Each structure stands twice: as C-alpha cells, then as structure tokens.
Amino acid sequence: MPNQHVARMADTALPELVTADAAPPDLSTVWLRTFLDVARHGSFTVAARELGWTQSAVSRQISSLESTLGGAPLFDRLPRGVRPTAQGRALLPHAEDLLARLHSMGRELTALREATGGLLRVGAFATADAGLVPRAMGRFRTRHPGVTLTREEGLTPALLSRLTEGELDLAVVSTTGGALPADAYELHHLLDETLYVALPTAHALATETELGLPQLADEDWISGSHRVEGTLLHTALRHGFRPRVAHVVAEWTAKQGYVAAGLGVTLIPALAAESVRPDITLVPLRDDSAPARAVYAATARGRSVPPAVAPFLAALREACAAE
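I will try to describe carefully the structure that is included in this document.

## Details of the pattern of salt bridges
Opposite charge on two side chains makes pairing possible when the charged atoms of those side chains draw close.
1) Next: Throughout the structure, instances matching the rule amount to 17 salt bridges.
2) Next: In this structure, E318 engages R143 in a salt bridge whose closest nitrogen and oxygen atoms are separated by 2.6 Å. Linking E318 in helix α8 (residues 309–321) with R143 in helix α5 (residues 132–143), this pair joins segments that are 175 residues apart in sequence.
3) Next: According to the relative accessible area criterion, E318 is partly exposed, its value standing at 32%.
4) Next: A residue is classified by how much of its surface remains accessible, and R143, at 46% relative accessible area, is partly exposed.
5) Next: The partner of R286 in a salt bridge is E210, and the shortest N-O contact between them spans 3.3 Å. Of this pair, R286 sits in strand β14 (residues 280–286) while E210 sits in the loop between β9 (195–200) and β10 (211–212), placing them 76 residues apart in sequence.
6) Next: Looking at R286, the relative accessible area reads 33%, which means it is partly exposed.
7) Next: The class for E210 is partly exposed, based on a relative accessible area of 37%.

Shown next, in the form of structure tokens:
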C-alpha cells in the first residue's frame, strides 16, 4: 500500500496556488509522488501502471491534491495525455524539492540508526588519549568509516560537565579525585589502572619492587597542579602528608623529563607508561588504603545517545583487552 503519511510543506508555500498569508497546506506525500509521476509521463494511464494502481485511483489522488491547493486544475486533459497547467508548473519544482528533502531525511536517519553516518562526539582524559582512545578510534573508523568522529581532551570533571550539557556523547573518565556520580551518568567499566612512581634511575628507591606513598613523603613532586586535590596525589592526604609540589607540568612526556633531570618524582598511570623514557625507573605503587584507579566510559543518564555509541564502546573494550 502507498505511504499515507502527511508531510507539512513548511517554507514551501506556493504563491500561485495559495494566498500569501495562508498557512502551508497539509499535503500527502502520496499525492505529490503521484503528481510527479503523472507530470513525468504526461499520462494518468502510464503513471497508474508504474504505481500499480488503477487510473481512477490516480485521478482521485490528483483531485485531492487540487482540492487542498485551492481547487485549480493541475493538468489540462488533452486528446492524448495530459499537460501541467500554470498551477501545475508552479507546483512542480516545489514537489520535486520536498520529496528530495524527505528522501534525504530518510537516508540520514537510516545512517544514524545503522551507524553508517552521523556525528559521534567523544571526550577523554589525557592518559586515556595516550593509547587507549586512539586504538579504539582506529577500530571504530575501520568498521564505521561514514561516521564523523570528533574528540576532545579534558579533566574528568570538565568532561562530565560537557556530557551534562549535551556537548559530548561519550567520555572516557577516571576515578582520580574520588568516586564518579553514578546517579547522573551511565558508567561502563573499562579497566582498573595500576599506578607507578617514576624515579630517576640513580634514586635510592629505584631498586624497590614496590613503594607506598608514605615512603615518598619527603620527595619533591612533579604534578599537573599545585593543588593535590583531584589529582593522582590526592590519596597522599589519607596518609597524613601533603606532597610538596616542586614543579607543575601538564604533559606526561615533559614530567618524565623533569624526573630524569633529578628535579623530583611523579606518579604515572599504566595507560601512560607505554612510552616511558629509558633514563627513569617505574616502581609499582602499593596503596592498600585506596583502590586502583578505575577507568569508565560515561554517558549522561536519562539521555538518548547516538547509535554509534554502542560500537565505539565495543571498540574501547577491545582496546582495553589488548592492553
């Protein structure tokens, strides 16, 4: 059966057929398709054959369209076939444009549903960007090349705020600074991350098999912030000391350079440990008072997400398994 859904011709009012101040008419897409078929073939009979209808059914569709548009005839009936009237010629480009737009809309919605098109906006904290997220992006692009994928980097609180504001579809976040608010976000666990202490190779503790934070209470620290709250160093506060931040350095490779130069020590998560310099030593951090840092893929709770989120999450899980 033909599709009987009605399309409102917003912004396509026809000055020749309706008055300037009239509301756009409600037009069936079936009427418009029938009109275009008749105009293309110049024949009710041929149009009926193509549509699989009777000629009288085609005539009823055209009559309904004419009635809705004010009653003026859209075709002159000739001895051999039909020809559009002035009103029909005025309608023709509008009908073609409207149906083309509807087809385009259908293709775009199908692409979104099948994750073959559309936009996916992803955010991640810095160390996830060191390897995990790029590997997931590579897998995702191979399988869904038509999806436009954007990525931005930020701290976990900022990324969660972007999710809340609807400016990101998914964010890779961590429990640095405390537990994540599960009431506001759907949290998909990806991995629990080991932390390492990065030391100059000549440091007295560089030969230890593992270290606890209290053993490092007198060290100078290289950190991304003067404040330890909300950073990897925040757990030191539970051990009764506030780390002495000697240098604030944001980028992981630069932090390693400061450590190698003997200017302090720093904490490096496992996700950032792949490209460690040969002139520093990583020692696993033992902290029985705090769980390992957990990494999650987060989406805003109660919000619909693009269909591409599910395959990107699958790619993230595969990238984690390959760690």
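## So, the environment of V173
1) Next: As for its position among the elements, V173 is in strand β7 (residues 170–174).
2) Next: The class of V173 is buried, set by a relative accessible area of 0%.
3) Next: For V173 and T156, which are 17 residues apart along the polypeptide, the C-alpha to C-alpha distance reads 5.2 Å.
4) Next: The residues touching V173, leaving out its near neighbours within four places in the chain, are F125, T156, L159, L160, L180, A294, V295, Y296 and A298.

## Points about the pairing of strand β15 (residues 293–300)
1) Next: Among the eight residues in β15, eight count as buried, and that is most of the element.
2) Next: Going residue by residue along β15, you find R293, V295, A297 and T299 tucked away on one face and A294, Y296, A298 and A300 tucked away on the opposite face as well.
3) Next: Here β7 runs beside β15; their pairing, made up of four bridges, is antiparallel. Its bridge partner being in β15, A171 is matched across the sheet by A298.

## Remarks on the packing of helix α2 (residues 44–51) against helix α3 (residues 55–68)
1) Next: At a minimum axis distance of 8 Å, the contact between α2 and α3 shows a crossing angle of 105 degrees. Classified by the angle their axes make, α2 and α3 are roughly perpendicular. Taking contact as the criterion, the partners of F44, T45, A47, A48 and L51 in α2 are, on α3, Q55, V58, S59 and I62.
2) Next: Looking at side-chain class alone, the contact of α2 with α3 contains six nonpolar, three polar and no charged residues.

## Looking at the sheet that holds strand β6 (residues 148–153)
1) Next: One open sheet holds the five strands; their spatial order is β6-β5-β7-β15-β8, and the pairing between them is mixed. Only two strands of the sheet have a single partner each, and these edge strands are β6 and β8 (185–193). Sheet twist, expressed as the average angle between the axes of neighbouring strands with direction ignored, equals 20 degrees.
2) Next: Summarising the sheet, β8 and β15 pair through eight bridges and their orientation is antiparallel. Paired with D192 across the two strands is A294, which belongs to β15.
3) Next: Against the sheet, helix α6 (residues 156–164) engages β5 (119–124), β6, β7, β8 and β15, with an angle of about 155 degrees to β7.

## Comments concerning the packing of aromatic side chains
1) Next: In this structure the tally under the stated criterion is three aromatic pairs.
2) Next: Ring centres of F35 and F75 lie 5.3 Å apart, and the angle between their planes is 45 degrees; this geometry places the pair in the tilted category. Taken as a pair, F35 in helix α1 (residues 29–41) and F75 in strand β3 (residues 75–77) lie far apart in primary sequence, 40 residues in all.
3) Next: Overall, the relative accessible area of 2% leaves F75 in the buried class.
4) Next: The structure contains a cluster of three or more aromatic residues connected by ring pairs, namely F35, F44 and F75.
5) Next: Above the face of the W252 ring, K255 is positioned so that its terminal group lies 3.9 Å from the ring centre.

Cut-offs used in this document
- Residues numbered from 1 in each chain as written.
- Predicted model: local features only at pLDDT ≥ 70, side-chain atom pairs only at ≥ 80, totals over all residues.
- Heavy atoms only, no water.
- Salt bridge = Lys/Arg side-chain N within 4 Å of Asp/Glu carboxyl O.
- Helix = DSSP H or I, 4+ residues; strand = E, 2+ residues; numbered from the N terminus.
- Buried < 20%, exposed > 50% of the residue type's maximum accessible area, 1.4 Å probe, protein only.
- Contact = heavy atoms within 4.5 Å.
- Pairing = 2+ DSSP bridges.
- Axes fitted to C-alpha atoms, helices over the stretch in contact; angles between N-to-C directions.
- Parallel < 35°, antiparallel > 145°, perpendicular 65-115°, else oblique.
- Nonpolar A, V, L, I, M, F, W, Y, C, P; charged D, E, K, R; others polar.
- Phe/Tyr/Trp six-rings, centres within 6.5 Å; stacked < 30°, edge-to-face > 60°.
- Lys NZ or Arg CZ within 6 Å of the ring centre and 35° of its normal.

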